[in-house]
Structures are given as structure tokens and as C-alpha cells.
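Observations on chain architecture
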Amino acid sequence: MTCGTDHCACTYTACSRRGNCCACVAHHQSRGEFPGCFFTPRGERSYDRSLRNLIQDRGGN
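Parameters and conventions
- Residues numbered from 1 in each chain as written.
- Predicted model: local features only at pLDDT ≥ 70, side-chain atom pairs only at ≥ 80, totals over all residues.
- Heavy atoms only, no water.
- Salt bridge = Lys/Arg side-chain N within 4 Å of Asp/Glu carboxyl O.
- pLDDT = per-residue confidence, 0-100.
- Helix = DSSP H or I, 4+ residues; strand = E, 2+ residues; numbered from the N terminus.
- Buried < 20%, exposed > 50% of the residue type's maximum accessible area, 1.4 Å probe, protein only.

Our focus in this paragraph is the pattern of salt bridges. This model, assessed by the stated rule, comprises 1 salt bridge. For Glu33, the salt bridge is made with Arg31, and the minimal N-O distance between the two is 3.5 Å.

So this is what it looks like as C-alpha cells:
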């Protein structure tokens, strides 16, 4: 995993965890969510970080 703001796919630039993948994943995991960078740009804009939305966003059933 490459960390740093140069490689961060998250579009929320005001986030204090942006560019720190381990902190970002831990934060979202503690809330039962997935980070925005796991989603397509369209899926990220939904702000729904659930597994159900991730699967739907990535073309699952």
C-alpha cells in the first residue's frame, strides 16, 4: 500500500487522514464503513460507505 497525498484517491481533501491509508482504513473500519477510495468516483459521491453500496458500485448483484 502506497501512502501519501500524492497517491491518495480520496477526493475529500480537508480530511486529516487523507494520504495516511492505515489511519483512514482504521477510522472507517471502526465505523463499519469502507473508505471512499474503495469506490468508483460515482460511488464515492454517494457518501454511502456500506458494504452493500460497495458491491453495487463495483457491479455486484
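The subject of this paragraph is the confidence of the model for the chain. In this model, the chain carries a mean pLDDT of 89, and residues with pLDDT of at least 70 account for 95%. At the low end of the mean pLDDT range in the chain sits helix H2 (residues 41–45), at 91; at the high end sits helix H3 (residues 51–57), at 96.

Quick look at the environment of Asp6 now. With respect to the helices and strands, the residue Asp6 is situated in the segment before helix H1 (21–30). Residue classification places Asp6 among the exposed residues on the basis of a relative accessible area of 73%. Distance in space between the C-alpha atoms of Asp6 and Gly19 is 7.4 Å, their sequence separation being 13 residues.

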